[in-house]
Amino acid sequence: MVLEAIRYTPGNLEILDQLRLPHESVYIKVRTSEDAYHAIRTMTVRGAPAIAIVAALALAVELTYTETNIESVASARDFILEKLRYLVTSRPTAVNLSDAARKLEKLASETEGSGKAVVDAYINAAEKMLVDDVSDNTSIGENGVAWAEKNFGTEKFSILTICNTGSLATAGYGTALGIIRSVHAKHLLEHAYALETRPYNQGSRLTAYELVHDNIPATLITDSMASVLLKTHPEIRMIVVGADRVARNGDTANKIGTYQLSIVARYHGVKFVVAAPTTSIDMLTASGEDIVIEERKPEELVTMRGPVVDFDGQVNKNEVRTVHIAAPGIGVWNPAFDVAPANLIDAIITEKGVAEKDSNGEFHLAKFF
Ligand code: MRU
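In this text the structure is predicted, and so the values were computed from the model without any measurement. (Residues numbered from 1 in each chain as written. Predicted model: local features only at pLDDT ≥ 70, side-chain atom pairs only at ≥ 80, totals over all residues. Heavy atoms only, no water.)

(A) A look at helix 1 (residues 33-41). Turning to helix 1, its buried residues are Ser33, Ala36, Ala39 and Ile40. Down the axis, helix 1 shows its buried residues gathered within 125° of arc, on one side only. Check the buried side of helix 1 and you find it contacts strand 2 (12-16), helix 2 (48-65) and helix 3 (73-87). Just downstream of helix 1 lies methionine 43, where phi reads positive at about 65°. (Buried < 20%, exposed > 50% of the residue type's maximum accessible area, 1.4 Å probe, protein only. Helix = DSSP H or I, 4+ residues; strand = E, 2+ residues; numbered from the N terminus. Arc of directions from axis to C-beta. Contact = heavy atoms within 4.5 Å.)

Printed below as a string of structure tokens:
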């Protein structure tokens with residue numbers, strides 16, 4: 001079975017319900033921008049590239065079946081702009097969504113002729129984003145392997161990662177998990193370690209699912225085990241993480257816990273690498289200080305949802321429960337992301353090449369644009 005977070009044919013968009021993974025694989029239809037907004041906000045679909053593509057394609061599907069309000073060039077543009085502005089408010093940190101919206105808005109504003117011409121141009125561009133993301137990810141994987149061979153030679157090594165950055169977070173293959181896939185395909189991977197990634201458990205639910213699916217040798221650890229893992233496993237040469245937004249100076253916002261990984265990597269002399277398509281680089285944001293960090297509701301931290309385990313240890317998929325795991329009444333802080341500072345990042349691996357710091361410790365990301 002191919003792992004696909006997004007299934008699209010013209011006029012039809014389905015997403016894999018990531019709230020039900022790993023125990024159930026259920027696809028749900030996304031027919032409108034409102035459906036996409038809800039799916040992104042509830043994390044039914046998540047991961048920076050995936051949410052951008054689902055938002056763009058949901059509007060493409062909606063436009064396919066819309067007859068009124070798009071007859072003239074002006075009304076079609078207004079319709080598209082209003083929907084895109086609504087969609088970007090679903091989650092604030094990942095730049096891929098606002099980057100996609102800005103490109104699609106520009107296209108709609110520049111297309112002339114008729115309302116249909118504007119709609120057709122929009123749909124073609126949204127469909128291209130889906131195709132481009134997969135090829136960008138395989139290029140990131142190739143660039144990641146080349147960078148690893150340059151730094152570690154041809155000896156096998158192990159990799160630690162956080163969150164889910166694989167097929168489920170993208171249109172396919174993945175970014176940081178894509179590099180793990182490529183290193184494994186090249187027979188260079190000793191072992192992959194996945195952090196559980198509290199509070200939403202993208203590591204234990206989703207990355208673990210992908211690693212098992214692909215038969216990649218892998219072990220799950222809790223977030224608090226990262227330092228001692230590096231201390232006791234010198235064969236781990238690299239921590240690779242994804243990105244929700246890379247600022248102009250290289251500061252990188254990614255899943256909460258990424259910042260502490262960048263610190264422990266430096267302490268233990270392990271390379272800390274960001275894998276991201278150039279759609280995750282935000283040249284309009286100067287540094288991590290300017291990145292808005294999404295805070296999510298306390299329930300994600302104090303509850304857990306999953307199928308009940310029967311007395312004989314069997315997972316009972318038919319009985320899914322939410323359980324409370326903290327003292328009732330305790331206050332909660334739940335930032336979804338943090339920022340790894342550029343000075344702790346060794347390389348930013350994109351589909352267009354690898355950025356490393358110059359002798360002054362500066363990344364020059366403008367070269368990719
Ligand atoms: O809250 P999530 O699950 O959307 O967070 C996802 C991440 O932090 C990923 O590392 C990032 O979006 C890159 S996915 C290729």
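(B) Focus on the sheet that holds strand 5 (residues 189-195). In spatial order, the strands read 6-5-4-7-10-15-16; together these seven strands make up an open sheet with mixed pairing. Sheet topology places strand 6 (218-221) and strand 16 (353-355) at the edges, where each strand pairs with a single neighbour. Averaged over all neighbouring strand pairs, the angle between strand axes comes to 25°, with direction disregarded. As judged from the five bridges shared by strand 4 (residues 157-161) and strand 5, these two strands associate in the parallel manner. Looking across to strand 5, one finds that phenylalanine 157 is bridged to leucine 189. Relative to strand 15 (residues 347-350), helix 5 (residues 115-152) is tilted by about 145°, and along the sheet it contacts strand 4, strand 7 (236-241), strand 10 (271-275), strand 15 and strand 16. (Pairing = 2+ DSSP bridges. Axes fitted to C-alpha atoms, helices over the stretch in contact; angles between N-to-C directions.)

(C) Expanded view of empty space enclosed by the protein. In the structure shown here, the tally under the stated rule is three cavities of 30 Å³ or more. In this model, the largest cavity occupies a volume close to 180 Å³. Lining the largest cavity are 23 residues, with Arg46, Gly47, Ala48, Asn164 and Asp244 positioned closest to its centre. Elements that contribute at least two residues to the lining of the largest cavity include exactly helix 2 and strand 9 (252-255). Counting residues per element, the lining of the largest cavity draws most heavily on helix 2, which supplies three residues. (1 Å grid on protein atoms, 1.4 Å probe; cavity = no way out; pocket = protein on both sides within 12 Å on 5 of 7 lines; lining within 4 Å. Points joined across faces, edges and corners; volume = space filled by probe spheres on them.)

(D) Structural view of the layout of surface pockets. The volume enclosed by the largest pocket comes to roughly 880 Å³. Taken together, 28 residues line the largest pocket, and the ones lying closest to its centre are Leu19, Tyr200, Arg205, Glu300 and Arg305. Of all elements in the fold, only helix 10 (299-302), strand 12 (303-309) and strand 13 (315-324) reach the threshold of two or more residues within the lining of the largest pocket. Looking at the lining of the largest pocket, the element that brings in the most residues is strand 12, giving five residues. Taken as a whole, the second largest pocket encloses approximately 370 Å³ of empty space. Forming the boundary of the second largest pocket are 18 residues, of which Lys103, Lys128, Met129, Asp132 and Thr279 lie nearest the centre.

(E) Main features of the site of the ligand. As a matter of local geometry, the ligand sits amid 17 residues, with Arg91, Gln202, Asp244, Asn254 and Lys255 nearest to it. Between an oxygen atom of the ligand and a main-chain N or O atom of alanine 48, the distance comes to 2.9 Å. Between lysine 255 and the ligand, the recorded distance is 2.7 Å, taken from a side-chain N or O atom to an oxygen atom. Contact with the protein chains removes 99% of the 420 Å² of surface that the ligand exposes when unbound. Cavity membership is defined here by more than half of the atoms lying within 2 Å of grid points; on that basis the ligand lies in the largest cavity. Only helix 2 and strand 9 provide two or more residues apiece to the shell around the ligand. A per-class count over the shell around the ligand returns seven nonpolar, six polar and four charged. (Near = heavy atom within 4 Å. Polar contact = N/O pair within 3.5 Å; in protein donor to acceptor, adjacent residues only side chain to side chain. Areas by Shrake-Rupley, 256 points an atom, 1.4 Å probe, with all protein chains shown as cover. Sits in = over half its atoms within 2 Å of the grid points. Nonpolar A, V, L, I, M, F, W, Y, C, P; charged D, E, K, R; others polar.)

(F) Structural detail: the pairing of strand 10. Across the five residues of strand 10, four count as buried, placing the element largely inside the fold. Summarising the sheet, strand 7 and strand 10 pair through four bridges and their orientation is parallel. Residue pairing for strand 10: valine 241 is matched across the bridge by valine 274. Pairing analysis gives three bridges linking strand 10 to strand 15, with the strands arranged parallel. Note that in strand 15 the partner of valine 274 across the bridge is isoleucine 348.

(G) Geometry of the environment of glycine 172. With respect to the helices, strands and loops of the structure, glycine 172 is situated in the loop between strand 4 and helix 6 (176-185). In sequence terms glycine 172 and glycine 144 are 28 residues apart; their C-alpha atoms lie 16 Å from each other. Sequence-distant contacts of glycine 172, defined by excluding residues within four places in its chain, comprise Asp133, Val134, Asn137 and Ser167.

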